[in-house]
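Overview (structure and organization)
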Amino acid sequence: MTYQKFFHPEESYSRSEIEALQLERLQATVRHCMDSPFYRERFRQAGLTPSDIRTLDDLKKIPFTTKQDLRDTYPFGMAAVPLDRCVRLHSSSGTTGNPTVILHTQKDLEAWAEAVARCLWMVGCRPEDVFQNTSGYGMFTGGLGFQYGAERVGMLTVPAAAGNTLRQLKFFTDFGTTVVHAIPSYAARLYEVMCEKGIDPRRDTKLRTLVIGAEPHSEDTRRRIEDMLGVKAYNSFGMSEMCGPGVAFECPEQNGMHIWEDYYIVEIVNPDTLEPVPDGEVGELVLTTLKREAMPLLRYRTRDLTRILPGECPCGRHHIRLDRMKGRSDDMIILKGVNIFPIQIETILMQFQELASDYLITLETVDGNDAMIVDVEMKDLFIDDYAKLQSLTREITRQLRDEILITPRVRLVPKNTLPKSEGKAVRVVDTRKKY
Amino acid sequence: MTVQQLSVFIENKSGSLVRVLRLLKQENIQLIATTIADTVDYGIFRIICSQPDKAYRVLREAGVAVSLCEVFAIELDDRPGQAADAIELFAGEGISIAYLYSFLLKGKGVLIFRTDHAEKAAGLISSHGLHAIEEKDLSLLL
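Keep in mind it's a predicted model, so treat the numbers as computed, not measured. (Residues numbered from 1 in each chain as written. Chains lettered and ligands numbered in written order. Predicted model: local features only at pLDDT ≥ 70, side-chain atom pairs only at ≥ 80, totals over all residues. Heavy atoms only, no water.)

**Quick notes on the packing of helix α1 (residues 16-26) of chain B against helix α2 (residues 52-61) of chain B**
Residue and element names in this part refer to chain B. We count it as follows: Think of each axis as a best-fit line through the C-alpha atoms, taken over the contacting stretch in the case of a helix, with angles from 0 to 180 degrees between the N-to-C directions. The secondary structure listing takes helices from DSSP runs of H or I that are at least 4 residues long and strands from runs of E that are at least 2 residues long, numbered from the N terminus. When an angle is under 35 degrees it counts as roughly parallel; over 145 it counts as roughly antiparallel; between 65 and 115 it counts as roughly perpendicular; any other value is oblique. For any pair of crossing helices, the crossing counts as left-handed if the nearer helix is rotated counterclockwise from the farther one by less than a right angle, and right-handed if it is rotated clockwise. Two residues qualify as a contact provided that any one of their heavy atoms is within 4.5 Å of a heavy atom in the partner residue. Ten residues, namely Ala, Val, Leu, Ile, Met, Phe, Trp, Tyr, Cys and Pro, are considered nonpolar, four, namely Asp, Glu, Lys and Arg, are considered charged, and the remaining ones, Gly among them, are considered polar.
Across the interface, α1 lies against α2 with an axial gap of 10 Å and an inter-helix angle of 125°. Considering their axes alone, α1 and α2 lie oblique with respect to each other. Note on packing geometry: the crossing formed by α1 with α2 is right-handed. Contacts between α1 and α2 pair Val20, Leu23 and Leu24 from the former with Ala55, Val58 and Leu59 from the latter. A class-by-class count of the residues in the contact of α1 with α2 yields 6 nonpolar, no polar and no charged.

**Describing the domain arrangement of chain B**
All names here are of chain B. How we decide: Domain borders in the structure are assigned automatically or taken from a domain database. Accessible area that two parts lose when put together, evaluated with a 1.4 Å probe and summed over both, is termed the buried area. For this document, the term salt bridge refers to a Lys or Arg side-chain nitrogen within 4 Å of an Asp or Glu carboxyl oxygen.
You can read the domains of chain B as domain 1 (2-69) and domain 2 (70-141). For domain 1 versus domain 2, the distance between C-alpha centres works out to 22 Å. Contacts between the two partners involve 13 residues from domain 1 and, on the opposite side, 13 residues from domain 2. Across the domain 1 to domain 2 interface the summed buried area is about 1400 Å²; carbon plus sulfur atoms make up 61%. Linking domain 1 with domain 2 are 0 salt bridges.

**Looking at the layout of surface pockets**
Residues and elements named next belong to chain A. Here is the rule we go by: The definitions used throughout rest on a 1 Å grid laid over the protein atoms alone, on which a cavity is an enclosed set of points accommodating a 1.4 Å probe that cannot get out and a pocket is an open set flanked by protein within 12 Å on both sides along at least five of seven lines; lining residues are those having an atom within 4 Å of a point. Grid points are joined across faces, edges and corners, and a volume is the space filled by probe spheres set on the points.
There is about 470 Å³ of room inside the second largest pocket. Those elements that provide at least two residues to the lining of the second largest pocket are α1 (15-33) and β10 (264-269). Considering every element that reaches the lining of the second largest pocket, the biggest residue donor is β10, with 5 residues. The class makeup of the residues in the lining of the second largest pocket is 12 nonpolar, 2 polar and 10 charged.

**Some words on the interface of chain A and chain B**
Here is the rule we go by: Pairs of N or O atoms within 3.5 Å make up the polar contacts considered here, provided that, within protein, one atom can donate a hydrogen while the other can accept it, and that residues adjacent in sequence are counted only when both atoms are side-chain atoms.
Contact with chain A, which involves 19 residues of that partner, is made by 23 residues of chain B. When chain A packs against chain B, close to 1700 Å² is buried across both sides, 54% of that on carbon and sulfur atoms. The interface formed by chain A and chain B contains 1 salt bridge. Run the count over chain A and chain B and you get 2 residue pairs in polar contact (both at pLDDT 80 or more). When residues of the side of chain A that touches chain B are traced back to their parent elements, those giving at least two are α11 (386-404) and β20 (409-413) of chain A. The dominant element in the side of chain A that touches chain B, judged by the number of residues it contributes, is β20 of chain A, at 5 residues. A per-class count over the side of chain A that touches chain B returns 9 nonpolar, 4 polar and 6 charged.

**What about a nonpolar patch on the surface?**
Counted only if it meets this: In this scheme, patches are assembled from residues that exceed 30% relative accessible area and form no salt bridge. Like charges are connected within 9 Å, while nonpolar side chains (Val, Leu, Ile, Met, Phe, Trp, Tyr) are connected within 5 Å. Here the Shrake-Rupley method, with its probe set to 1.4 Å, supplies the accessible areas, and only the displayed protein chains count as covering residues.
A cluster of nonpolar side chains, contributed by Phe76, Leu83, Leu89 and Met139 of chain A, occupies part of the molecular surface with about 330 Å² of accessible area. Here Phe76 of chain A lies in the loop between α3 (67-72) and β1 (86-91).

**As for the sheet that holds strand β9 (residues 257-259) of chain A**
Residues and elements named next belong to chain A. So the rule is basically this: Strand pairing is assigned whenever DSSP detects at least two bridges linking the two strands.
The 9 strands lie next to each other as β4-β3-β5-β6-β7-β8-β9-β14-β13, forming an open sheet whose pairing is mixed. Across the chains shown, the open sheet's two edge strands, defined by having one partner strand only, are β4 (156-158) and β13 (308-309). Taken together, the 2 bridges between β13 and strand β14 (residues 321-322) define a ladder with antiparallel strand orientation. Paired with Leu309 across the strands is Arg321, a residue of β14. Here helix α9 (residues 219-229) sits on the sheet and contacts β6 (209-213), β7 (232-239) and β8 (244-250); the angle it forms with β7, its principal contact strand, is near 130°.

**Concerning the pattern of salt bridges**
Residues and elements named next belong to chain A. Where we set the bar: For every residue, the accessible area obtained with a 1.4 Å probe (protein chains only) is divided by the maximum for its type, and the residue is called buried under 20%, exposed over 50%, and partly exposed between those limits.
Within this structure, the stated rule accounts for 39 salt bridges over all chains. Asp58 is paired through a salt bridge with Lys61; the nearest N and O atoms lie 3.4 Å apart. Exposure remark for Asp58: the relative accessible area of 12% places this residue in the buried category. Given the relative accessible area of 42%, Lys61 is considered partly exposed. One salt bridge connects Glu293 with Lys107, and the closest N-O pair in it is separated by 3.8 Å. A residue pair is termed long-range when its members are at least 10 positions apart, and Glu293 in the loop between β11 (283-289) and β12 (300-306) and Lys107 in helix α4 (residues 106-122) qualify at 186 residues. A residue is classified by how much of its surface remains accessible, and Glu293, at 17% relative accessible area, is buried. For Lys107, a relative accessible area of 55% puts it in the exposed group. Overlapping salt bridges, with partners in common, bring together Glu219, Arg222, Arg223, Glu226, Glu250 and Arg324 in one network.

See below:
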């Protein structure tokens, strides 16, 4: 069966068509933001009214929105529609400070599904494909986000969710899975278990396409995963504040991720001066939503560092391309696709009277999977009893798991043994293999 | 009727044991008995030594995580079955033992143990005429 190349007409828009649509949607978004108590006050303080936004360049007059703003208005202070029009929320993990909440109307969910579907269609997913999602479902947006997008494409979906690798492999062979969504470290894990079980991915499965994201990885990692599994692997970029997956995605050229400019206005700024950087230079990604009802965000500082790839893409799409994420302009850790701030760990540790104030978080690769070790210094007075030390370790582990949703390995260490640099404690060491 | 024991918290890492022992050596402190169990990440190095108060101060000043506690040291004849009889006595009274180790000193066996029921254990030791070594006697035995 033959299909059209583009999932939506907007996907093939020229630059001038994209920019005209952006201005129209920006002005509508700004007007709509006046229904949000947060933005109404922001505009009032800045002495701005929606009519001040006449060109795309006028966007720069609007103050930035930060994650702290989302926390301060937790849970519903940013909403631009009444709650009875919202049908779902997604929330970040953690109880430290306030988590963040993103609200969605039915129309938001549809727009999100369309964006994910466009991404999947772009890399060749078609209704005859079988799509298996190894993301956690629930609050983690990689689950439901890909689920709805894959259904929109018309694929047969297998919502396998995270973990249970043997069952994942059984689904591959029994259901003839052709497309898989997995974080890169889990893709490597799948291959390891295939080898252990004598499964040859090329001979015994129909796997063809892999969608990888939510975890920083290098070009070498991608090539290795492609060689191992005999697939084409495409990089996916999203974040819960921008719904989740479907923000930017690689095309078959595999050279940068097209970010959908009919959904978002992209700015790259110097994180210190907040001034725009020239195209091609690395800075912090700032996004303005153009298609969101429940919680539009204006100039949201994502804290992700990246750059815009200059030049035209041979694929024929004119939506700009983002390079791989180069890191963060804050201290957020991304582990197994879960976002964690060191302060969440610190807050838990400091509740234990047996512990001193120094700790070290080590991220490493174990059996192809991300793992976290938390070394924490004991205070001088401690218990002369292994059983009590073990139950202390277990209790710390349990409380950390409840907070960050990942089970770290907790090690008690004597005081004054953790490394310090220039008097300031080193809190995070990342030794993960980038494959 | 107890002796003092140092408990040193050390990492399971080469060099950590040496560091503690060298600090004691520098102060001319003599070891009488030591024990350490093999665990994954850390160990508790338990030490009976001469001048335990001085040893505690030295280690503490050097930034070593250390504590000082009282443990029982029961002197027994160096004959088969002595330990069995002693422990049976405590077990019969429901006194559980947190940990135990032993050594030989001047032809006598010494059983060192710690229990959370210290008063009850002390009563039993007196009423059954067991010989519990005192801290002040310990250095005399060296």
